[in-house]
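Architecture at a glance
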Amino acid sequence: PTNIGLYLLSTVVACEMGLIGRKTAAQRLHETLATMQRMPRYRGHFYNWYDTSDLRVLDPAYVSSVDSGNLAGHLIAVAQA
(Lines give C-alpha, C1' and ligand atoms only; values in the text may rest on other atoms or scores of the structure.)
Protein backbone atom coordinates (compact mmCIF):
# COMPACT_ATOMS: atom_id res chain seq x y z
CA PRO A 1 0.00 0.00 0.00
CA THR A 2 2.77 2.47 0.77
CA ASN A 3 4.44 1.85 -2.59
CA ILE A 4 1.16 2.25 -4.44
CA GLY A 5 0.42 5.51 -2.65
CA LEU A 6 3.89 6.85 -3.36
CA TYR A 7 3.51 5.96 -7.04
CA LEU A 8 0.20 7.83 -7.23
CA LEU A 9 1.70 10.81 -5.45
CA SER A 10 4.81 10.81 -7.65
CA THR A 11 2.59 10.79 -10.74
CA VAL A 12 0.86 13.95 -9.51
CA VAL A 13 4.21 15.56 -8.70
CA ALA A 14 5.62 14.66 -12.13
CA CYS A 15 2.62 16.34 -13.72
CA GLU A 16 2.89 19.43 -11.51
CA MET A 17 6.58 19.73 -12.40
CA GLY A 18 5.83 19.46 -16.11
CA LEU A 19 7.66 16.13 -16.53
CA ILE A 20 4.52 14.45 -17.85
CA GLY A 21 1.34 15.91 -19.29
CA ARG A 22 -2.07 15.98 -17.62
CA LYS A 23 -3.42 13.34 -19.99
CA THR A 24 -0.57 10.96 -19.18
CA ALA A 25 -0.94 11.59 -15.46
CA ALA A 26 -4.70 11.02 -15.58
CA GLN A 27 -4.23 7.78 -17.53
CA ARG A 28 -1.64 6.49 -15.04
CA LEU A 29 -3.86 7.36 -12.08
CA HIS A 30 -6.89 5.76 -13.72
CA GLU A 31 -5.04 2.55 -14.58
CA THR A 32 -3.54 2.24 -11.11
CA LEU A 33 -6.87 2.82 -9.36
CA ALA A 34 -8.53 0.28 -11.69
CA THR A 35 -5.86 -2.27 -10.82
CA MET A 36 -6.38 -1.57 -7.13
CA GLN A 37 -10.06 -2.42 -7.57
CA ARG A 38 -9.04 -5.91 -8.75
CA MET A 39 -6.63 -6.61 -5.89
CA PRO A 40 -7.74 -9.04 -3.17
CA ARG A 41 -8.37 -7.42 0.20
CA TYR A 42 -9.11 -8.41 3.76
CA ARG A 43 -12.23 -6.68 5.08
CA GLY A 44 -11.61 -3.85 2.64
CA HIS A 45 -7.94 -3.44 3.55
CA PHE A 46 -5.13 -4.11 1.11
CA TYR A 47 -2.65 -6.80 1.99
CA ASN A 48 0.92 -5.68 2.37
CA TRP A 49 2.50 -7.54 -0.58
CA TYR A 50 1.24 -8.63 -4.00
CA ASP A 51 2.79 -10.31 -6.99
CA THR A 52 2.78 -7.58 -9.64
CA SER A 53 2.31 -10.04 -12.51
CA ASP A 54 -0.98 -11.59 -11.34
CA LEU A 55 -2.01 -9.60 -8.21
CA ARG A 56 -1.95 -12.65 -5.96
CA VAL A 57 -1.23 -11.98 -2.31
CA LEU A 58 2.29 -12.99 -1.29
CA ASP A 59 3.04 -14.95 1.88
CA PRO A 60 2.86 -14.21 4.64
CA ALA A 61 -0.48 -12.56 3.93
CA TYR A 62 -1.06 -9.72 6.37
CA VAL A 63 -2.51 -6.23 6.59
CA SER A 64 -0.23 -3.49 7.89
CA SER A 65 -1.95 -0.63 9.70
CA VAL A 66 1.08 1.58 9.03
CA ASP A 67 1.04 0.91 5.30
CA SER A 68 -2.73 1.27 5.17
CA GLY A 69 -2.40 4.66 6.87
CA ASN A 70 0.31 5.70 4.43
CA LEU A 71 -1.94 4.78 1.49
CA ALA A 72 -4.86 6.69 3.01
CA GLY A 73 -2.72 9.80 3.43
CA HIS A 74 -1.37 9.54 -0.10
CA LEU A 75 -4.88 9.13 -1.52
CA ILE A 76 -6.02 12.25 0.33
CA ALA A 77 -3.09 14.22 -1.07
CA VAL A 78 -3.72 12.92 -4.60
CA ALA A 79 -7.42 13.77 -4.35
CA GLN A 80 -6.56 17.33 -3.30
CA ALA A 81 -4.24 17.70 -6.29
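See the structure above.
Presented here is a report on the structure given in the accompanying data block.

Definitions and cut-offs
Residue numbers here run from 1 along each chain, matching the order of that chain's written sequence. Restriction of local features to residues with pLDDT of at least 70 applies here, the model being predicted, together with a cutoff of 80 or more for giving and counting side-chain atom pairs; totals for whole chains, interfaces and linings are based on all residues. Only heavy atoms go into the side-chain values, all of them from the structure, while hydrogens and water stay out. Whether a set of points on the 1 Å grid over the protein atoms alone is a cavity depends on a 1.4 Å probe fitting there but being unable to get out, while an open set qualifies as a pocket with protein on both sides within 12 Å along at least five of seven lines; lining residues are those with an atom within 4 Å of a point. Grid points are joined across faces, edges and corners, and a volume is the space filled by probe spheres set on the points. Helix and strand definitions follow DSSP, with helices as H or I runs of at least four residues and strands as E runs of at least two, each counted in order from the N terminus. Gly counts as polar in this scheme, as do all residues outside two lists: the nonpolar Ala, Val, Leu, Ile, Met, Phe, Trp, Tyr, Cys and Pro, and the charged Asp, Glu, Lys and Arg. Residues forming no salt bridge and having over 30% relative accessible area are the ones grouped into patches, like charges within 9 Å of each other and nonpolar side chains (Val, Leu, Ile, Met, Phe, Trp, Tyr) within 5 Å. Only the protein chains shown count as covering a residue, and every accessible area follows the Shrake-Rupley method with a 1.4 Å probe. The salt bridge criterion pairs a side-chain nitrogen of Lys or Arg with a carboxyl oxygen of Asp or Glu, the two atoms within 4 Å. Any N or O atom pair separated by 3.5 Å or less is treated as a polar contact, with the protein-specific requirement of one donor-capable and one acceptor-capable atom, and with residues adjacent in sequence counted only for side-chain atom pairs. Multiplying one less than the number of residues by 1.5 Å gives the expected span of a helix. Contacts are assigned to residue pairs with any non-hydrogen atoms lying within 4.5 Å of each other. Remark: exposure states derive from per-residue accessible area (1.4 Å probe, protein chains only) relative to the maximum for the residue type, with buried under 20%, exposed over 50%, and partly exposed in between.

This part is about the layout of surface pockets. Its volume calculated, the largest pocket comes out at about 320 Å³. Taken together, 15 residues line the largest pocket, and the ones lying closest to its centre are Asn3, Ile4, Met39, Tyr50 and Thr52. Only helix H1 (2–16) and helix H2 (22–38) provide two or more residues apiece to the lining of the largest pocket. Classifying every residue of the lining of the largest pocket gives eight nonpolar, six polar and one charged.

Let us look at a nonpolar patch on the surface. On the surface, Val13, Met17 and Leu19 cluster together into a nonpolar patch covering about 330 Å² of accessible area. Along the chain, Val13 turns up in helix H1.

Time to look at the environment of Ser53. By the element assignment, Ser53 lies in the loop between strand E2 (45–46) and helix H3 (65–80). Polar side-chain contacts of Ser53 include one of 2.5 Å to the side chain of Asp51.

The next thing to look at is H1. The first and last C-alpha atoms of H1 sit 21 Å apart over 15 residues, in line with the 21 Å expected at 1.5 Å per residue. Each element contacted by the buried residues of H1 is listed here: H2 and H3. Positive phi appears at Gly18, one or two residues downstream of H1, with a value of about 80 degrees.

Right, let's get into the pattern of salt bridges. Inspection of the entire model under this criterion finds two salt bridges. Here Asp51 makes a salt bridge to Arg56, at a shortest N to O gap of 3.1 Å. Look at Asp51 and you get buried, because its relative accessible area is 17%. Of the residues examined, Arg56 reaches a relative accessible area of 43% and is grouped as partly exposed. Of the charged contacts in the structure, one is a salt bridge between Asp54 and Arg56, with a shortest N-O distance of 3.4 Å. The exposure class assigned to Asp54 is partly exposed, which follows from its relative accessible area of 44%. One continuous salt-bridge network, built from bridges that share partners, spans Asp51, Asp54 and Arg56.

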